[in-house]
Amino acid sequence: MAQTLFIVDDHKMLLNGLKNWLEENSEWNVKKLFTSAKDCLECLSRISSRDELPQIIIADVQLQNESGFDLVEKISKNWPEVKCLIYSMFDTPGYILQSKECGAKGYISKVASEEELLEALEVVRNGGEYIEKRMENDQKKVDSAIPQFSRQEKVIFEKLLQGKTNKEIAGELFISLHSVENYVSFIYDKCCVKNRRGLLEKF
């Protein structure tokens, strides 16, 4: 069975470089490159045969004026047979948590080796989930903390671990700054820390 990929990243040099490397050093066939989530979704919607869908879509977190997480969520909902791998410059647990929430099957940073990227693609292609090896231990600590949070606390916990300010969180979630401050206080209490620095050092 052909190993087919789409790649979505708003940096054209990275897109072309990654495509060339994969096709020269692996069995992967990179069928399409996109610099926007909109173009990728429009292409998927035009595909009439499920056999023409890619096995995996590699997507960046930050696209120009768009979110890679939103893209992955839409793909996971509308084309569940297509697996998504987040490939990002960010390597904090909060981004890994959010990638899982939106349906991604793997998360790897752009500083990872090419060999590990190939390993991640193979694991995801075979139905598994993959987190970059150097992130695994930190992610286990975060995963163990998650069950104690309410749904909203979990979302805010993710954004705190992404380094977002209270004001940024309020803007992204369309809630008041006061509400965010209250949630953050609850999170500190549940994690037995006194402040943001303590939270980030713990996780």
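Here, every reference points to the structure presented above.
Note that the coordinates shown come from a computational prediction; the quantities given were computed from them, not determined experimentally.

### As for the packing of aromatic side chains
Given two aromatic rings, their pairing is described by the distance between the two centres and the angle made by the two planes.
Then comes step 1: Scanning the entire structure with this criterion turns up five aromatic pairs.
Then comes step 2: With a centroid separation of 5.5 Å and 65° between ring planes, the pair formed by Phe6 and Phe34 is classed as edge-to-face. With Phe6 in strand E1 (residues 3–8) and Phe34 in strand E2 (residues 28–34), this residue pair connects regions lying 28 residues apart in the sequence. With respect to class, Phe6 is no different from Phe34; both count as buried.
Then comes step 3: Where Phe69 meets Tyr95, the ring centres are 6.3 Å apart and the plane angle is 25°; that geometry is what we call stacked. Within this pair, whereas Phe69 is found in helix H3 (residues 68–78), its partner Tyr95 is found in helix H4 (residues 93–102), the two being separated by 26 residues in sequence.
Then comes step 4: You can call Phe69 buried: its relative accessible area is 5%.
Then comes step 5: Members of the aromatic cluster, connected to one another through ring pairs, are Phe69, Phe90 and Tyr95.

### As for H4
Then comes step 1: Counted residue by residue, H4 has eight buried out of 10 residues, so it is predominantly covered.
Then comes step 2: Among the residues of H4, Pro93, Gly94, Tyr95, Ile96, Leu97, Gln98, Ser99 and Cys102 are the ones counted as buried.
Then comes step 3: Looking at the buried side of H4, the elements it contacts are H3, strand E6 (83–88), strand E7 (106–109), strand E8 (130–131), helix H6 (136–145) and helix H7 (151–161).
Then comes step 4: Gly103 lies just past H4 and shows a positive phi near 110°.

### Comments concerning the sheet that holds E2
Then comes step 1: Pairing in this open sheet of six strands is parallel, and the strands run E2-E1-E3-E6-E7-E8 from one edge to the other. The strands lining the two open edges of the sheet, one partner per strand, are E2 and E8.
Then comes step 2: The pairing of strand E3 (residues 56–59) with E6 spans four bridges and is parallel. Bridging from a neighbouring strand, Ile56 pairs with Lys83 of E6.
Then comes step 3: Across the sheet, H3 lies against E1, E3 and E6, angled at about 170° from E6, the strand it touches most.

### Considerations on the side chain of Asp9
Then comes step 1: Along the chain, Asp9 turns up in the loop between E1 and helix H1 (12–25).
Then comes step 2: In this structure the side chain of Asp9 is engaged in a polar contact, spanning 2.9 Å, whose partner is the backbone nitrogen of His11.
Then comes step 3: Among all residues touching Asp9, those that are not within four sequence positions of it are Leu14, Leu15, Phe34, Thr35, Asp60, Leu63 and Lys110.

Parameters and conventions
- Residues numbered from 1 in each chain as written.
- Predicted model: local features only at pLDDT ≥ 70, side-chain atom pairs only at ≥ 80, totals over all residues.
- Heavy atoms only, no water.
- Phe/Tyr/Trp six-rings, centres within 6.5 Å; stacked < 30°, edge-to-face > 60°.
- Helix = DSSP H or I, 4+ residues; strand = E, 2+ residues; numbered from the N terminus.
- Buried < 20%, exposed > 50% of the residue type's maximum accessible area, 1.4 Å probe, protein only.
- Contact = heavy atoms within 4.5 Å.
- Pairing = 2+ DSSP bridges.
- Axes fitted to C-alpha atoms, helices over the stretch in contact; angles between N-to-C directions.
- Polar contact = N/O pair within 3.5 Å; in protein donor to acceptor, adjacent residues only side chain to side chain.

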